[in-house]
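Read off the chains here:
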Amino acid sequence: MADKETVDKASGMKHYAGLAVFSSAVGHALDGLDLMILGFAMSGIMASFNIDKTTASTLTTITLAGAFLGGLVFGRLADKYGRIRVLTYSVIFFGVFTLFSAFAPNFFLMALFRFLAGVGIGAEFGIGMAIAAEASSPENRAKATSGVGLGFQVGVLLASLLSAPILTAFGWRGLFAIGIVPAIVAIFIRVFVPEPPLYLKHRQTAKEHGSIRQLFSTPERVRFSIAIIILCTVQNCGYFGIMTWLPSYLNTELNLSLTSTGIWTAVTVLGMMLGISVFGFLADHLGRRPAFWIFQIGAAIMVVIYSQLKDPTALLVGGFFMGMFANGMIGGYGALISELFPTELRATAQTALYNTGRFIGGGLGPVVIAAIATGHGFGFALATIASIYIIAFITMFFIPEKKGVALE
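Residues numbered from 1 in each chain as written. Predicted model: local features only at pLDDT ≥ 70, side-chain atom pairs only at ≥ 80, totals over all residues. Heavy atoms only, no water.

Most of helix α15 (residues 332-340) sits out of view: nine of its nine residues are buried. Of the positions making up α15, those classed as buried are Gly332, Tyr333, Gly334, Ala335, Leu336, Ile337, Ser338, Glu339 and Leu340. (Buried < 20%, exposed > 50% of the residue type's maximum accessible area, 1.4 Å probe, protein only. Helix = DSSP H or I, 4+ residues; strand = E, 2+ residues; numbered from the N terminus.)

In structure tokens:
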């Protein structure tokens, strides 16, 4: 009876799809905000705990490891107990341990709190994408999931704008003290956004909800799961590889002051936001494969071009378009995964497969780039990123085109 009342409530809401996408985007914005804030807080953390760069940089890996675990746990819970309910709990979980990070007395507890905050982060992308896909029409599904992807960049932009004044006034601990904000966001989501009707209808009839084993239960699902992990690994390897080391490249090798003014970051993020919006439109009109192929080719070309640029103005323009193509595909994974797996498995697939790719790519990208740069310079290292998009291009041949198809 409760499920029927929720279905009727959601179905009767005039702007339910928009509200569902917005709430999911807000959850994903917290993801971007948190990871960017960690970067701004690094120097303060190093000074407070008397640790070197290598030790401090492990906090990013630790956070992504937590996200990997969170993806495995929260996705299954979302398939069993509800998308909105579990998204709410994950946001609160994330907010509490982000707040705890502000009071960490030593590096060990800081690492522990970052890991646990990462567990909460692991749910936000995948569950948000499942909600957006299930709440939207087939004709607008890629635009809806791209809207969730935009949330991450909004979070990055907010962190870029807010970090300096917060650091000045309260120090690095002040950045993590804003962890109370997600708890308020979670209350808003829980109160005003019902569960997607599609999910509730399937929950009543599905025999099993959310199992990692089901992702590999048939040869077709094995193919789909491996292909998605490869795509998500490439996406995150490129993103973290570029975003981690490019500011250092501009500053140390090209002697530019763009990084200190924040112009480079803002322009690149704006390019990413435009790319995400354009990708969603193309994926819904041309199809998933054509959209991914256009952006994968564009990313490979722009990374190589950018690595050759020296003029500051050219770097700004090039950074805009590199960001547009390299990160524009992020929302497309939500549509792809939603169309490849049934409703009773959708959140598990979204969180487990994406966070596996993020853990592998996000962990390897910066390390590989640094290793190549040591012997050949950052320009050459950045250019080598182009090769991973060729791998992604080939991988798309193993994924069927499902533009406009109703979700199972």
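Let us now look at the pattern of salt bridges. In the structure shown here, the tally under the stated rule is seven salt bridges. Close ionic contact of Glu134 with Arg83 constitutes a salt bridge, the shortest N to O distance being 2.7 Å. Of the two residues, Glu134 is situated in helix α5 (residues 107-135) and Arg83 in helix α4 (residues 83-101); the sequence distance between them amounts to 51 residues. Arg83 matches Glu134 in its accessibility class, with the two residues each being buried. Between Glu339 and Arg141 there is a salt bridge, and its shortest N-O distance comes to 2.8 Å. Taken as a pair, Glu339 in helix α15 and Arg141 in helix α6 (residues 141-170) lie far apart in primary sequence, 198 residues in all. Of the residues examined, Glu339 reaches a relative accessible area of 6% and is grouped as buried. One continuous salt-bridge network, built from bridges that share partners, spans Arg141, Lys143, Asp284, Arg288 and Glu339. (Salt bridge = Lys/Arg side-chain N within 4 Å of Asp/Glu carboxyl O.)

Side chains of Phe22, Ile187, Phe188, Val191 and Phe192 sit close together on the surface and give an oily, nonpolar patch of about 490 Å² of accessible area. It is helix α8 (residues 180-192) that contributes the most residues to the nonpolar patch, four residues altogether. The residue Phe22 is located in helix α2 (residues 16-49) in this model. Judged by its relative accessible area of 47%, Phe22 falls in the partly exposed class. (Patch = residues over 30% accessible without salt bridge, like charges linked within 9 Å, V, L, I, M, F, W, Y side chains within 5 Å. Areas by Shrake-Rupley, 256 points an atom, 1.4 Å probe, with all protein chains shown as cover.)

Moving on, we come to the state of the cysteines. This structure, assessed with the given rule, holds zero disulfides. Cys232 forms no disulfide, and the closest cysteine sulfur to it belongs to Cys237, at a distance of 13 Å. By relative accessible area, Cys232 is classed as buried at 0%. Classification of Cys237 by relative accessible area gives buried; the value is 18%. (Disulfide = S-S within 2.5 Å.)

Our next topic: the environment of Phe279. Here Phe279 lies in helix α12 (residues 263-285). Taking the C-alpha atoms as reference points, Phe279 and Gln296, separated by 17 residues in sequence, lie 11 Å from one another. For Phe279, the residues in contact, after removing those within four places along its chain, are Ser146, Ala291, Phe292, Phe295, Gly328, Met329 and Gly332. (Contact = heavy atoms within 4.5 Å.)

Take Arg288: it is sitting in helix α13 (residues 288-308). Side-chain polar atoms of Arg288 contact the side chain of Glu339, separated by 2.4 Å. Excluding residues that lie within four positions of it along the chain, Arg288 makes contacts with Pro138, Arg141, Ala142, Ala283, Ala335, Leu336, Glu339, Met396, Glu401, Lys403 and Gly404. (Polar contact = N/O pair within 3.5 Å; in protein donor to acceptor, adjacent residues only side chain to side chain.)

It helps to recall that an α-helix has 3.6 residues per turn; residues three or four apart then point in one direction. With 16 residues, helix α14 (residues 312-327) should cover 22 Å at 1.5 Å per step; its first-to-last C-alpha distance of 22 Å lies within 8% of that length. Looking at α14, one finds that the buried residues are Leu315, Gly318, Gly319, Met322, Gly323, Met324, Phe325, Ala326 and Asn327. You can read the cap of α14 off the contacts: a side-chain oxygen lies 3.1 Å from the backbone nitrogen of Thr313, and it is on Asp311. (Expected span 1.5 Å × (residues − 1).)

Before going further, it helps to spend a moment on unusual backbone geometry. Trans peptide bonds make up the majority, and among non-glycine residues the majority have a negative phi. Its identity is not glycine, yet Asn50 carries a phi of approximately 55 degrees, on the positive side. Residue placement: Asn50 occurs in the loop between α2 and α3 (53-81).

Moving on to the packing of α2 against α5. Contact geometry of α2 with α5 gives a least axis separation of 9 Å together with a crossing angle of 160 degrees. Between α2 and α5, the crossing angle belongs to the class labelled roughly antiparallel. Remark: the crossing between α2 and α5 carries left-handed chirality. Class assignment for the residues of the contact of α2 with α5 results in 15 nonpolar, four polar and four charged. (Axes fitted to C-alpha atoms, helices over the stretch in contact; angles between N-to-C directions. Parallel < 35°, antiparallel > 145°, perpendicular 65-115°, else oblique. Left-handed = near helix turned anticlockwise from the far one by under 90°. Nonpolar A, V, L, I, M, F, W, Y, C, P; charged D, E, K, R; others polar.)

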